[in-house]
Structure formats: structure tokens, C-alpha cells
Amino acid sequence: MAYDEKLAERVRKLVEGLDAETREQKMFGGIAWMLRGNLLVGVVGDALMLRVDPEVGKQALGTPHVRPFDLSGRPMNGFLLVAPEGCRGPALKRRFATAFEFVGMLPPKRA
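Basis of the calculations
Residues numbered from 1 in each chain as written. Predicted model: local features only at pLDDT ≥ 70, side-chain atom pairs only at ≥ 80, totals over all residues. Heavy atoms only, no water. Helix = DSSP H or I, 4+ residues; strand = E, 2+ residues; numbered from the N terminus. Buried < 20%, exposed > 50% of the residue type's maximum accessible area, 1.4 Å probe, protein only. Expected span 1.5 Å × (residues − 1). Arc of directions from axis to C-beta. Pairing = 2+ DSSP bridges. Axes fitted to C-alpha atoms, helices over the stretch in contact; angles between N-to-C directions. Contact = heavy atoms within 4.5 Å.

Non-glycine residue F28 carries a positive phi angle of around 55 degrees. Looking at where F28 falls in the secondary structure, it is placed in the loop between β1 (22-27) and β2 (30-35). With relative accessibility at 29%, the residue F28 sits in the partly exposed group.

Structural data, given as C-alpha cells:
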């Protein structure tokens, strides 16, 4: 499955603006960015994938354009997909900041 290159470029610019250890890799048929070895955000198809605090994720599921991230019939706790309509303008930066705030608190993963 191809992913939205324009959305990926917008996310890439946000990641490049961080003063943190990040890397980009292909994942879930799309592209993802890792922060100190932990999944931060990604682009899957035309949607933005976010890793957030599980409680924040539960609350976000009640908002427009947000759905659980589910590859196998079992949604992943704390992972969300946001439709393109929910990533327009400053919304992308706000959603990215929410993911960075949570993932930035996680301990680094060993290689």
C-alpha cells in the first residue's frame, strides 16, 4: 500500500525540527518515525498514525476523524489513526505535539 507522500513530508519537517534522537523507517506498509527507538508517528495510507498516552487515546476516539489503529482485528492501545481531514493546517502540529509529549517520556529502547 502506498502512503501519502505530502503528509509524510509535512511530518518529516516536524520531526526534523526536534532536538532529539529520531529515525525514519518503513513500517505497517507506510512510513514511521521512531524517537529513541519508540514509535512516535507514522503515515499509513492517507492517515496519520500517532502513539499517545492510552487515556488520551480513549478520549480522542470520541472526536471527529480519529479511529483506533487496528491491523489485525485487535486495536492497539494508545495508537490512533487520524483521517486527512483531521491533519489539516495547525491540527497536524497539535497532534504531533501530543504524541511527542507522551513518547518523549518513554525510556529509550535498546537496539
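In this model, helix α1 (residues 5-16) (12 residues) spans 16 Å end to end at C-alpha, consistent with the 16 Å of a helix rising 1.5 Å per residue. Regarding α1, the residues found buried are L7, A8, V11, R12, L14 and V15. Buried residues of α1, viewed axially, fall in a sector of 160 degrees; they line one side. Across from the buried face of α1, at angles greater than 90 degrees, the exposed residues are K6, K13 and E16.

If you walk across this open sheet you meet the six strands as β1-β2-β3-β4-β6-β5, and the pairing is antiparallel. Edge strands, defined here as strands with exactly one partner in the open sheet, are β1 and β5 (66-68). For this sheet, the mean inter-axis angle between neighbouring strands, taken without regard to orientation, is 25 degrees. The strands touched by α1 within the sheet are β1, β2, β3 (38-44) and β4 (47-51), with β2 carrying the most contacts at an inclination of about 10 degrees. Helix α3 (residues 91-103) rests against β2, β3, β4, β5 and β6 (79-82) of the sheet, and its axis sits at about 155 degrees to β3.

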